[in-house]
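Close look at the chain arrangement
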Amino acid sequence: MPNTYTQVHIQFVFAVKYRTALIGAEWKDELMKFITGIFQENNHKMLQINTMPDHIHIFIGMRPHQSISALIQNVKTESSKWVKAQNVCSVPFAWQEGYGAFSYAKSQVPDVIRYIQNQEKHHNKQTFLEEYREFLTKFEIEWDEQYIFKELE
């Protein structure tokens, strides 16, 4: 895009369907590499990615040629296909509907990268749902509890 200059930093957060802890430690690195490739193929810059067994955090420098919803739909679809094709999960794998997308200023980039790198440590103190609600509150996003990720049953 000639003469188009942007600086857009977005963190995406989404969960495994039913928030089931399906992302295995033995294959999570390969999943993150695959997802990174999707972002790179779409000309976005991967800044940081990390998974927990039941959810993922992705932080990118986003180019303006693609909508957020189209990008995340592509990532979820292709990564679900990859998990199935690799036969690494003993049960059917899918991502839960919906996602969080949170924007940051350039000055916040190092802190967000560190936050995502330290997910394992962070989740020793806070559950995914607590974290997600904190994001929604911090970013002043109104939500309806019936559409928020549900507690595990």
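Our structure is the block above this text.
Predicted model only: the values in this text are computed from it and were never measured. The written sequence of each chain sets the order in which its residues are numbered from 1. Under the rules for a predicted model, residues below a pLDDT of 70 receive no local features and side-chain atom pairs below 80 are neither given nor counted, while totals for whole chains, interfaces and linings still include all residues. Computation of side-chain values covers all heavy atoms of the structure but excludes hydrogens and water.

Re the nonpolar core
Among soluble globular proteins, nonpolar side chains are generally buried collectively. Spelled out, the test is: Each nonpolar core is a collection of buried residues, namely Ala, Val, Leu, Ile, Met, Phe, Trp, Tyr and Cys, held together in the definition by side-chain atoms within 4.5 Å. The buried label applies to any residue whose accessible area, calculated with a 1.4 Å probe on protein chains only, is under 20% of its type's maximum; exposed applies above 50%, and partly exposed to all values in between. A run of H or I in DSSP counts as a helix once it spans at least four residues, and a run of E counts as a strand once it spans at least two, with each numbered from the N terminus. Contact between two residues is taken to exist if any of their heavy atoms lie within 4.5 Å; hydrogens are not considered.
By size, the foremost hydrophobic cluster in this structure holds 26 residues, and its most contacted members are Phe12, Ile35, Phe39, Ile58, Ile60, Phe93 and Trp95. Contributing elements (two or more residues each) for this core: strand S1 (9–15), helix H1 (28–41), strand S2 (45–52), strand S3 (55–61) and helix H2 (68–86). In this structure, isoleucine 60 is in contact with Val8, His9, Ile10, Phe12, Phe39, His44, Lys45, Met46, Leu47 and Leu71, ignoring residues within four places of it in sequence. Counting 13 residues, the second largest nonpolar core, distinct from the first, contains Val112, Phe128, Tyr132 and Leu136.

Some words on the packing of aromatic side chains
Note the threshold: Under the pairing criterion, centres of Phe, Tyr and Trp rings, with the six-membered ring standing for Trp, must be within 6.5 Å; the plane angle then separates stacked pairs below 30 degrees from edge-to-face pairs above 60, leaving the rest tilted. Note on geometry: a ring has a charge over it if NZ (lysine) or CZ (arginine) is within 6 Å of the ring centre and within 35 degrees of the ring normal.
Per the stated rule, a full pass over the model turns up 6 aromatic pairs. Relative to tryptophan 95, the ring of phenylalanine 14 lies with its centre 4.9 Å away and its plane at 85°, an arrangement referred to as edge-to-face. One end of the pair, phenylalanine 14, is in strand S1; the other, tryptophan 95, is in the loop between H2 and strand S4 (100–104), with 81 residues separating them in the sequence. Here the aromatic rings of phenylalanine 59 and tyrosine 104 are separated by 5.7 Å at their centres, their planes lie at 85°, and the arrangement is edge-to-face. In this pair, phenylalanine 59 is assigned in strand S3 and tyrosine 104 in strand S4, connecting sequence segments 45 residues apart. This pair shows no difference in class: phenylalanine 59 is buried, exactly as tyrosine 104 is. Chaining the aromatic ring pairs together yields one cluster made of Phe14, Trp27, Phe93 and Trp95. Its guanidinium or amino end placed over the ring of phenylalanine 14, lysine 76 lies 5.1 Å from that ring's centre, counting from NZ or CZ.

Looking at the environment of valine 88
One can find valine 88 in the loop between H2 and S4. When its relative accessible area of 30% is taken as the criterion, valine 88 is described as partly exposed. The sequence separation of valine 88 and glycine 61 amounts to 27 residues, and the corresponding C-alpha distance is 30 Å. In this structure, valine 88 is in contact with Trp27 and Val83, ignoring residues within four places of it in sequence.

Quick word on the packing of H1 against H2
Basically, it comes down to this: Lines fitted to C-alpha atoms define the axes here, with helix axes fitted over just the stretch in contact, and angles between the N-to-C directions of these axes take values from 0 to 180 degrees. Take the far helix as the reference: if the near one is turned anticlockwise from it by less than a right angle, the crossing is left-handed, and if turned clockwise, right-handed. In this count, Pro and Cys sit with the nonpolar residues alongside Ala, Val, Leu, Ile, Met, Phe, Trp and Tyr, while Asp, Glu, Lys and Arg are called charged and the others, Gly among them, polar.
Two numbers describe how H1 lies on H2: the axes approach to 10 Å, and their chain directions differ by 140°. In the packing of H1 onto H2, the handedness of the crossing is right-handed. Facing Glu30, Leu31, Phe34, Ile35, Ile38 and Phe39 of H1, the residues of H2 in contact are Leu71, Ile72, Asn74, Val75, Glu78, Ser79, Trp82 and Val83. Here the residues of the contact of H1 with H2 are counted per class, giving 10 nonpolar, 2 polar and 2 charged.

On their own, these measurements won't tell you what the molecule is for.
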